[in-house]
Each structure stands twice: as C-alpha cells, then as structure tokens.
Amino acid sequence: MTRERLQLLSMEELLALARNEGYELSEPADRSTLVDAILETFEEQKRERQEENNSYVRVEETKFEVSSDDELALAGADAYPIPKRYNQTRITFVVRDPHWAFAFWEIDEHDAARIKKSSSEQVLLRVHDVELLDYDGSRSNFSFDIPVRLTDSSWYIYLPNPECAYVLELGMLSGRRFTCLARSNVIRTPREAPVPGPPSEGQDPEATEVLLELMADMEDFGRYASSEVIPQRILSELKD
Amino acid sequence: MSRGYLSLVLHWHLPFVRHPEHERFLEEDWLFEAISETYLPLLSVFERLCEDGVPFKITLSVSPTLAEMLRDEVLRERYVRHLDRLIELADREVQRTREDPEFNVLAVMYRQRFRDCRARFVERYQRDLLSALVGFQNLGCLEIITSAATHSFLPLFEVVPEAIRAQIAVAVRSHVRNFGSAPSGFWLPECGYSPGVEEYLKAFDLSYFFLETHGVLFGSERPCRGVYAPTYCSNRVAAFARDPESAKAVWSSEEGYPGDPLYREFYRDIGFDLPLAYIRPFVLGDGIRVNTGIKYYAITGPGNQKRPYRREPALQRAEEHAEHFLGARLQQVQRLERFLDRPPLIVCPFDAELFGHWWFEGPEWIEALIRKTAAAADRLEMIQPGEYLRRHPELQTLQPCFSSWGNKGYAEVWLEGSNDWIYRHLHMLARRMEELARRFPNEKGVRRRALDQAFREMLLAHASDWAFIMKAGTTVPYAVRRTREHVYNFNRVYESVMANDLNQEWLIALERRNNIFPEIDYRTYLSAE
C-alpha cells in the first residue's frame, strides 16, 4: 500500500479502512495521522505475514503481486449475499496437522429452539479417540468435552495423538445426561515422525538408516516439532 | 546407465481469472505477467536447446485453469493489448532515459523483450501456447501432466470425496482436449496429499504423483531408499517425493540463489517509482498504479538503496549458480550411491512462476543447468517419471502420510483464521451438487445448462488459490469476493432449479463470464456409481 493511494481517498473512506483494519480511533483523527496509522498497520501486517510464511509461500505469493496498491476492503461484499447458515444440524471435522483439527457445525432452528428453551442445557463438543475401533457411537477409547456457546459454529481442537482416529459429537448436556445432536465424520491425524523399525521390504536396513540420517542433516523434519504452536484464531480469542 | 537421475518438474498454474465484463481488470495481469516473464521465456529456452541439439527431459504440469485461460480468445486478445501498452511505455522510457546510459540500456532491453513477446505470441505461436507445448511433448522433451481441475487443496475435501473425484475427472478431460492425449501423472495442488487420493488417480489411469519429502518419510514404513526412489501406494500408483537438499538451494530465503545481489529486484517497478502524472496512461482507470514489469534495479543488498541492474553480470551469475547446483547434485549422487541398489533419483519440483517472474534470471538458470547436465550425462541424467518407472518397476510399497509443501508441512496455510470460514460453504456446495446430480440424473436443454454451470461454479469456488491469498495477504478482497461470487452463483442455480424458476438471462450472462470447461457434464459428477 502506498501513501499516495491513501491520500487519494476521502476522509470517510479512510475512517472505514481504519475501522476495517482494526485501528482504534480514540479521538477524531486528522487526515495525515490517519494515513500514517493505516500505512503502519499495513506494514506491520506485511512483516508478520513474511515472518510466518515459509519461502515457498512467499514466492508463490509474488504470482499475485501485480500492484502494491491492493484493492481496498472498502466496498461491502453485498454483491454476492451468501447464507450464514444452511439450517441443518450437522458437524464436520477436518484435519489440519498432527495435533490440530477444525470443526464446524450448525444447529437447525428446531434444535436451537429446544436448547434455548431449556436454560440448564449446555452445548458441548465431545471428542472421542476411536483408534482401532469400528465406532458406532456406543464406545470409544476415551473422550473429553469442550463446552461451546449456542452462537459458536466452529472451533480448533487440540488432539493429543498423531496417527490416531477421532470423531466428534455435537450435543447437549442436561445434568449428567448427554444428548447427541450430530456426529462428525471420523478423521485421522497424520504422523509427525518416521515410524520406528526397519522396512519390511527393499534393501539393506542399515543403508536405509544411513540415508535417513543423511536427510535428517539437511532439513528439520520435525517441522511440526512444537505441538504447542497455537492456531492464530485461538490466539486472537485468547487476546479477547 | 548414468550414476544418478535428476527429475525437474515445473508446475504452471494460475487460478481462473477472466473478467470480460470489465474493460481492464487488475488481476488479469497475473496471467499476462506470467506469460511474458515465465511461459514465453521458458518456451524460448526449450527452443534454443532443441536448436542446439541439447537433449532434455522435463515434467511439466499445466493446471487446467491455466490451460483453459491460455486457450481463451478474450484473454489472448487482452494479452496482446497489454503488450501494446507496454511497448508504448517502453518507447517512452527509451526517450526519457536517453541521457542516462545505465537506465537507457535497460529501457531498450525491456522494449525489445516486449516486442519479442508480441512477435512470438502473435506470429510464431499464433497465440496458442498450448500447441507449442505439445510440440515439445511430441519430441519427448516434455512430459505434460495435469493437476486438479481448479487446483483445489484436496486433503480438505476428504469428507466430500465426490468433489475430489470431480477435480480429477474434469482435469483429465480438459487435459485431453487441450493437449490431445491423456496425462500419465498428476500434480497434487500444493503437494497436498491425504491417504486414499491415489484411488481416484488410479481410476483415471494416472500412474504417479508428487509429494513433499515427509509425505514419504513419515509413511507407513520407513522408505528404504529415502526419497531417492519413488514408492508405490498399495494400488501401484507411484509417489515421487521432493528432494529437500536441492529444494533448499533454490527456495531458501537466506541461502537461495534468487536472493543474489546481482539479480534483478522484483519489488522496484517503474509503475510505482515514477510520478503518477507520467505513468497515468498505464495505470488502472481509477488511478491504481500497477506493476509494469519494467524494473531497473538490482537486489544490491538488504537496504532501500539499490544499484541499477546490469544484465550481463546477472546472467553470468545465473550460469555460476547453475554450475554450483549441478556440482552439488553430482556430489549428492556420489554420497548417496553407495547406499542405494540403483542410481539415486533427485526430484526437483518448482512452481514455474518462480522462474522469470520473481527470479528474473531463472529461465537462463534452467537453460544453463540443462546444458551443463547434458555435458555430464554419464554422471547425472535428466529423467521423467514415466521413463523411471519403466526402468525401475520394482519399488517399495508404503502408504504415504498426509502432507503438503506449505508452512509446517500440513494444511495450515489453507485452513486458519483468515480462511476457515469458506469450508462450510465449499463442502455444502459439494453436497448440494451431489443432490442435484441424483435428483436430476439426465436433464436436457436449459436445465442441463444450469446444472453444468452449477458444476463450474462449485469447481471455481474450490480453488486453493482463494484460501491461499486470504492467508498470504496480497489482494485479499478479490479472493473473498471470488469465493462469495461462486458460492452465490451456485446457490442461486441450486435454488432456481429446485424451484423450477430459472432466470435464463442471468444464466446466459453467467455462462459467458465463467466459461471454463466448455465440455463439462454435470452427469459425470456421480458417474463412478
């Protein structure tokens, strides 16, 4: 973003932009302060992104850089209204990496009305470890609950084990009684390290070990070494 | 037999961007810049090598969205107009810099490049770059493969498998139409692999794919040959994993070649460096400056003080870097060969737009690398996956692991706070598409066209590029709008068809605008059943 481009904008547009970018206006700002603040915000965002992204993402991004003056998020996206919800009770579970998965769900009007009526009911996500089970809803290896609000519709969930099958239930807890409203698909978290033990076929296992050692020297294969890396959305919620 | 193999894989991809409803549209420049800076220069490299009788073997993945755009008359015409504007600008630059030899020589260079682009595109290739590629495929120099129809990041669609299947089915059909033969291999967008995707590949006779190093390293067994030989999935579709060492030489922001001080600086463009009054005829209608491709400075160093770019030393450096890369690969082969029962294979996949667009000297680096490799063919031989599999059909079988080449190696780039809201809609579109295909198994006339268009809109919404851009942060409003647009269009068709209340005028306008995959057939959405 260039100063010149911002200076072409009206005061209203600048204010809208500042609000969009989350810049808090404590008092009526003058034009040049506003431009400075917006520029600084853009620069900061850019720096943060650069730090987060690996070199591949940074290079791929340049395919889309044909102007330093990006389109500004001024106009509403109302030209294409899309539904907030599809009025179906359903929960979907999507793997993101060895320890995190993303759940999104919806509760239809009928179920939502039922929950609202009863003040004692708590909406829950019940996370089940179903590794090596043919899960039919009756039994899992272990489970834990995540209380959510009726207004929530998505959540990032930390999962203890890589290479493990998990399923989610969306339900209501009334006293100690759990009622399942919807069950998700089963996901499987990916591995984060090579499996132990020599391969069952192929060449001399010792040679294999040397090859893997050689590769380990070149690249940090514990790319996901820190399982404590917290997704941005959760960070932002923690800040709130 | 050579002592080692080098498999160079170039992935050509851009998302479908075509806006005939606007006189000029900023994001169409993605294609125009890529043609001028990457695709035409690479074609020139291939031509020079052929003329000189230098053998080469490259695997070229051309995404279906890009192939469809390269075929499109509106975009071809607009590209020529784009070049005409640039030639005019370069003419002015030659005048403006006439007293300043350091810059003048560059202005003359750019003018010549734009003129060459125009002559090659219009006269030599008759605006048809796909046919030019087929020519090299017929010579055996290129093995052209396909990718997902709209480059969807497949692992995030596991729960709606028909959508994954459709990405592959539509891609293969488009490839046959655009390149005249069925593809033998598949580029997984963003190297995004999740277990089971090989079943869909097999169903379309695709015999291999590429994935990130740890996709094989973290497989169901330790890979007995590391990543220096492909492996089979249980259905005998072969997985070729990226070599981390060679990737680092090029990609690393600290040590990678493209950051050399002599190379051209990507971020200094006269579109932004010169006064608006001067550049105004070439900016977008409402005064938005755009990159022109005319960039006068060298990377120089980390600060803002840049020296003027000098072409000859930069090309010399590209040559040295090619020499260095080859030397490192030869050493790598030497180091590895005693631990392998066959010549080690080094797989180097790259986004092609890295070369030329971002790394200006990249095409010359590739050319130098190929020439030098040809001279060292007894030690390192370029090979394509098909040929490798013919020579070495005995491979270890293992189940690769969920992986991608994005940050941290899994799905984090395409599934995070900035873009996670889209999946609710993208999955719903896939479910609704299935519902439409079941409910209307064999429609004709207008309803058939509406259902075909719904299929197109779903595919366009599923492009990984929109999620990528939301995360990467460049031109986010466009990516958001495109996602919303295709979700909206799809839902509108869905609801109209369900209510038997279709606005034909709207449909016709939509078909004209989002005209990708002209032969699409919604009835194939469920054809596996």
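By convention here, each chain's residues receive numbers from 1 onward along its written sequence. Just so you know, chain letters begin at A and ligand numbers begin at 1, following the order they were written in. With the structure being a predicted model, the display of local features is reserved for residues of pLDDT at least 70 and the display and counting of side-chain atom pairs for 80 or more, all residues being used for whole-chain, interface and lining totals.

Novice: I keep staring at the overall build of chain A and nothing clicks. Help me out?
Specialist: Where helices and strands are cited, they refer to DSSP runs of H or I of at least four residues and of E of at least two residues respectively, numbered from the N terminus. Helix and strand counts for chain A come out as seven helices and eight strands. Each residue is classed by its C-beta neighbour count within 10 Å, where at least 20 other C-beta atoms makes it buried, 12 or fewer makes it exposed, and intermediate counts make it partly exposed; the C-beta atoms are placed from backbone geometry. Within chain A, the fraction of its 240 residues that count as buried is 25%.

Novice: Would you mind going over unusual backbone geometry with me for this structure?
Specialist: It is generally the case that most residues other than glycine have a negative phi and that most peptide bonds are trans. Residue and element names in this part refer to chain B. Even without being a glycine, R236 presents a positive backbone phi close to 65°. Position of R236 among the secondary structure elements: in the loop between β6 (231–232) and β7 (238–241). One non-glycine residue, T475, lies in positive phi territory at about 55°. Within the secondary structure, T475 sits in the loop between α17 (464–472) and α18 (476–499). Accessibility expressed as a C-beta count within 10 Å gives 20 for T475, which makes it buried.

Novice: What exactly am I supposed to notice about the sheet that holds strand β1 (residues 90–95) of chain A here?
Specialist: Pairing between the strands of a sheet is mediated by backbone hydrogen bonds and can be parallel or antiparallel. Residues and elements named next belong to chain A. A pair of strands is considered paired only if DSSP assigns at least 2 bridges between the two. With respect to topology, three strands assemble into an open sheet ordered β1-β2-β5, the strand pairing being antiparallel. Looking along the sheet, the strands with just one partner apiece sit at the ends: β1 and β5 (154–158). Across the sheet, the mean angle from the axis of one strand to that of its neighbour is 20°, orientation sign disregarded. Examined bridge by bridge, strand β2 (residues 100–106) and β5 share five bridges and lie antiparallel to one another. Helix axes are fitted to C-alpha atoms over the stretch in contact, other axes to C-alpha atoms as well, and angles between N-to-C directions run from 0 to 180 degrees.

Novice: I'm lost on the environment of B:E77 in this one. Help?
Specialist: All names here are of chain B. Here E77 is to be found in helix α3 (residues 73–96). For E77, a count of 11 C-beta atoms within 10 Å corresponds to the exposed category. Along the primary structure E77 and R127 are separated by 50 residues, whereas in three dimensions their C-alpha atoms are 8.6 Å apart.

Novice: I would appreciate a short explanation of the domain arrangement of chain A in the present structure.
Specialist: Where the parts come together, the accessible area they lose is often given as the size of the interface. Splitting chain A by domain gives domain 1 (3–62) and domain 2 (90–190). With centres defined by C-alpha atoms, the gap from domain 1 of chain A to domain 2 of chain A works out at 38 Å. Residue ranges for the domains originate in an automatic or database domain assignment.

Novice: Help me understand the confidence of the model for chain B, please; the structure alone is not making it clear to me.
Specialist: Detailed reading of the predicted coordinates is not advisable wherever pLDDT is low. pLDDT runs from 0 to 100 and stands for how confident the predictor is about each residue. Mean pLDDT for chain B: 95, with 99% of residues reaching 70 or above. Taken together, the chains of this predicted complex give a pTM of 0.94 and an interface ipTM of 0.94.

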